[in-house]
Amino acid sequence: GAGVSQSPRYKVAKRGQDVALRCDPISGHVSLFWYQQALGQGPEFLTYFQNEAQLDKSGLPSDRFFAERPEGSVSTLKIQRTQQEDSAVYLCASSLAGVEETQYFGPGTRLLVL
Amino acid sequence: DAKTTQPTSMDCAEGRAANLPCNHSTISGNEYVYWYRQIHSQGPQYIIHGLKNNETNEMASLIITEDRKSSTLILPHATLRDTAVYYCIVRVAAGGFKTIFGAGTRLFVKA
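Keep in mind that this is a model prediction, so the values were computed, not measured.

(A) Fine view of the overall build of chain A. The secondary structure content of chain A amounts to zero helices and 11 strands. Seen in sequence order, chain A has helices and strands lined up from the N terminus as β-β-β-β-β-β-β-β-β-β-β. Expected size for 114 residues packed as a compact globule is a radius of gyration near 13 Å; at 13 Å, chain A falls within 12% of this value. Put simply, chain A has 114 residues, and 47% of those count as buried. Look at the contacts in chain A between residues 6 or more apart in sequence, and 53% of them connect residues 24 or more apart. Carbon together with sulfur atoms contributes 47% to the accessible area of chain A, which is approximately 5,500 Å² in total. Put simply, chain A has 11 plus and 12 minus side-chain charges, and the middle of one group is 10 Å from the middle of the other.

What follows is the structure, encoded as structure tokens:
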């Protein structure tokens, strides 16, 4: 079956632009996670959804970052007024049920802010 | 902060077993040990997880010490395609949402 997909795979933005990154989780997966991965580092947690409810957004680095999952399936991570330090790979993961379930990751979106 | 400590890098000869250690001395009783790997330019891939018993699947074996303060991931016959960064993670079984990755171990499998 299809895994987690993310789009676009690559995004180049000028500093100050808004960007929107999309995640399509595995069908039927209740939980959805966003991570940010800087070059040479491990992924860092950003936020977590259970269905449409955003249960933890403590990892979002600033109020320029906003995530939503309005129908409990597809999720969008939006970054407003992008800065150079936002350049990273943004990973989405989904799991079948609760957080104890195995997370399956998408390929990521590589964002470069110039 | 990550709750695990792993060597920065390791080498392994192709066809030999790769043994990747992980220390998690502050692990709690309700925390599982998970292993993921990340091949260049891909998202992390789940390998295996366990609570206190040793586990084996088609990819690897996980050996957890009796005191649960450390574990070892074993790739029985490493191939060149196993070259990747391997992450050891401890995570609560329920109620915790964050999966905290450390820097991982960069495994180089050499011909």
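After that view of the structure, there is still more to cover.
(B) Focus on the overall build of chain B. Scanning chain B from terminus to terminus reveals zero helices and nine strands. Taken from the N to the C terminus, the helices and strands of chain B come in the order β-β-β-β-β-β-β-β-β. Whereas a compact globule of 111 residues would reach a radius of gyration of roughly 13 Å, chain B reaches 13 Å, a difference of no more than 12%. Projected onto its principal axes, the C-alpha positions of chain B cover 40 × 30 × 25 Å. Buried residues in chain B amount to 43% of all 111 residues. Within the structure as shown, chain B displays about 5,700 Å² of accessible surface, and the carbon and sulfur contribution to it stands at 49%. When the 11 basic and 9 acidic side-chain charges of chain B are each reduced to a single mean position, those positions are 4 Å apart.

(C) Quick peek at the interface of chain B and chain A. Listed as interface residues are 20 residues of chain B and, on the opposing side, 22 residues of chain A. Of the roughly 1,700 Å² buried at the junction of chain B and chain A (both faces included), carbon and sulfur atoms supply 53%. For the interface between chain B and chain A, the tally reads zero salt bridges. Put simply, chain B and chain A have three residue pairs in polar contact (both at pLDDT 80 or more) between them. If you list the elements that add at least two residues to the side of chain B that touches chain A, you get β3 (31–38), β4 (45–50) and β8 (84–92) of chain B. When residues in the side of chain B that touches chain A are grouped by element, the largest group, three residues, is from β3(B). Among the residues forming the side of chain B that touches chain A, the class breakdown is nine nonpolar, nine polar and two charged.

(D) Representation of the environment of S71(B) within the structure. Residue and element names in this part refer to chain B. Among the structural elements, S71 can be located in strand β7 (residues 70–75). Once the C-alpha coordinates of S71 and H24 are considered, the two residues, 47 residues apart in sequence, prove to be 7.9 Å apart. Apart from the residues lying within four places of it in its own chain, the contact partners of S71 are L20, P21, C22, H24, V33, W35, L62, I63, I64 and C88. Side-chain polar atoms of S71 contact the side chain of H24, separated by 3.0 Å.

(E) The arrangement of the environment of P8(A) in detail. Residues and elements named next belong to chain A. As for its placement among the helices and strands, P8 is situated in the loop between β1 (5–7) and β2 (10–13). The partly exposed category is assigned to P8, whose relative accessible area is 28%. In this structure, the C-alpha to C-alpha distance between P8 and D18, residues 10 residues apart in sequence, is 14 Å. Apart from residues no more than four positions distant in its own chain, P8 is found in contact with A20, L21, G108 and T109.

(F) View of the sheet that holds strand β3 (residues 19–24) of chain A. Residues and elements named next belong to chain A. The strand order across the open sheet built from four strands is β1-β3-β8-β7, with neighbouring strands paired in antiparallel fashion. The two strands at the open ends of the sheet, each matched to only one other strand, are β1 and β7 (65–68). Neighbouring strand axes in the sheet, compared pairwise and without regard to direction, differ in orientation by 15° on average. Summarising the sheet, β3 and strand β8 (residues 75–79) pair through five bridges and their orientation is antiparallel. What sits directly across from V19, in β8, is I79.

Rules and cut-offs
- Residues numbered from 1 in each chain as written.
- Chains lettered and ligands numbered in written order.
- Predicted model: local features only at pLDDT ≥ 70, side-chain atom pairs only at ≥ 80, totals over all residues.
- Heavy atoms only, no water.
- Helix = DSSP H or I, 4+ residues; strand = E, 2+ residues; numbered from the N terminus.
- Rg over C-alpha atoms; globule rule 2.2 N^0.38 Å.
- Buried < 20%, exposed > 50% of the residue type's maximum accessible area, 1.4 Å probe, protein only.
- Contact = heavy atoms within 4.5 Å.
- Areas by Shrake-Rupley, 256 points an atom, 1.4 Å probe, with all protein chains shown as cover.
- Lys, Arg positive; Asp, Glu negative; His and termini not counted.
- Charge placed at Lys NZ, Arg CZ, Asp CG, Glu CD.
- Buried area = accessible area lost by both parts, 1.4 Å probe.
- Salt bridge = Lys/Arg side-chain N within 4 Å of Asp/Glu carboxyl O.
- Polar contact = N/O pair within 3.5 Å; in protein donor to acceptor, adjacent residues only side chain to side chain.
- Nonpolar A, V, L, I, M, F, W, Y, C, P; charged D, E, K, R; others polar.
- Pairing = 2+ DSSP bridges.
- Axes fitted to C-alpha atoms, helices over the stretch in contact; angles between N-to-C directions.

Purely geometric numbers; function is a separate question.
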